[in-house]
Amino acid sequence: YLKEKLAGHLRILPENLRISNGSSDLILLLGIAFLNPEDTFIMSQSSCIMAKIVTQMMGCRLVEVPLKEYHHDLDAIFKSITPDTKIVYLDNPMNPIGTMVKHDEISKFVGELPEDIVLVLDEAYHDYVTVGGFPKSWGFIEDGRNVIMLRTFSKMYGLAGFRVGYGVAKREFIRA
């Protein structure tokens, strides 16, 4: 029922949606579905700790890129990509710092990202954004890009003891 209602609210097909026990659970599922020990996972330093934990659980290589003025340094992240890079993870707004990468910056990054890399946009705190320019992540997915958007109800709605998150992606990613 929740999946059907949420898909209608987001104006997406239910097959593009995965309901989960919060966004942390979705990050774990991404690791299980996409990471092998020979893969590389790239994220910014000080990003969501769960992403780092998942790389340790999966035994893959973690590259933590230093921040630039408390923001994701997209140029440095891009330069860190190697042939074995599988996932680039961006929490936006960044958890726990709160800085945000705007749509035009993410759009440029997505356009330059190699097509075999999965970009995870963890938007757990998107409900708190009050300035313009927040990325329209679903548009990247609609364009067929390897983008997975993560969100949660747990932050904004203070669901005490009840975690509900969701991921939006291409059907084959949701199936994985």
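Note that this is a predicted model, so its numbers are computed, not measured. (Residues numbered from 1 in each chain as written. Predicted model: local features only at pLDDT ≥ 70, side-chain atom pairs only at ≥ 80, totals over all residues. Heavy atoms only, no water.)

(A) How the structure looks around the overall build of the protein. Looking only at helices and strands, the protein has seven helices and seven strands in total. The proportion of buried residues among the 176 residues of the protein is 46%. Pairs at least 24 residues apart make up 66% of the contacts formed inside the protein by residues separated by at least 6 positions. When the accessible area of the protein is evaluated, it comes to approximately 8900 Å², of which 53% is carbon and sulfur surface. (Helix = DSSP H or I, 4+ residues; strand = E, 2+ residues; numbered from the N terminus. Buried < 20%, exposed > 50% of the residue type's maximum accessible area, 1.4 Å probe, protein only. Contact = heavy atoms within 4.5 Å. Areas by Shrake-Rupley, 256 points an atom, 1.4 Å probe, with all protein chains shown as cover.)

(B) Region of the structure containing unusual backbone geometry. In this structure, the amide linkage connecting asparagine 92 to the following residue, proline 93, adopts the cis form with an omega of -5 degrees. The topology assignment puts proline 93 in the loop between β4 (85-91) and α5 (103-112). A cis amide bond, omega 15 degrees, links asparagine 95 with the succeeding residue proline 96. Positive phi, close to 60 degrees, is recorded for arginine 11, a residue that is not glycine. Note that arginine 11 resides in the loop between α1 (2-10) and β1 (17-20). Assessed through its relative accessible area of 74%, arginine 11 is described here as exposed.

(C) Representation of helix α2 (residues 22-34). Taking 1.5 Å per residue as the helical rise, α2 with its 13 residues ought to reach 18 Å, and the 19 Å between its terminal C-alpha atoms agrees with that figure. Burial in α2 covers these residues: Gly22, Ser23, Leu26, Ile27, Leu30, Gly31 and Phe34. (Expected span 1.5 Å × (residues − 1).)

(D) The sheet that holds strand β2 (residues 40-44), seen in detail. Pairing is mixed across the open sheet formed by seven strands, whose spatial order is β1-β7-β6-β5-β4-β2-β3. Every other strand in the sheet has two partners, leaving β1 and β3 (61-65) as the edge strands with one partner each. Across this sheet, the average inter-strand angle for adjacent strands is 20 degrees, counted without regard to direction. Pairing geometry for β4 and strand β5 (residues 118-122), over five bridges, is parallel. Within β5, the position partnered with leucine 90 by the bridge is leucine 121. Strands β1, β4, β5, β6 (147-152) and β7 (165-168) of the sheet are contacted by α2, whose axis makes an angle of about 155 degrees with β6. (Pairing = 2+ DSSP bridges. Axes fitted to C-alpha atoms, helices over the stretch in contact; angles between N-to-C directions.)

These values are about where atoms sit, not about what they do.
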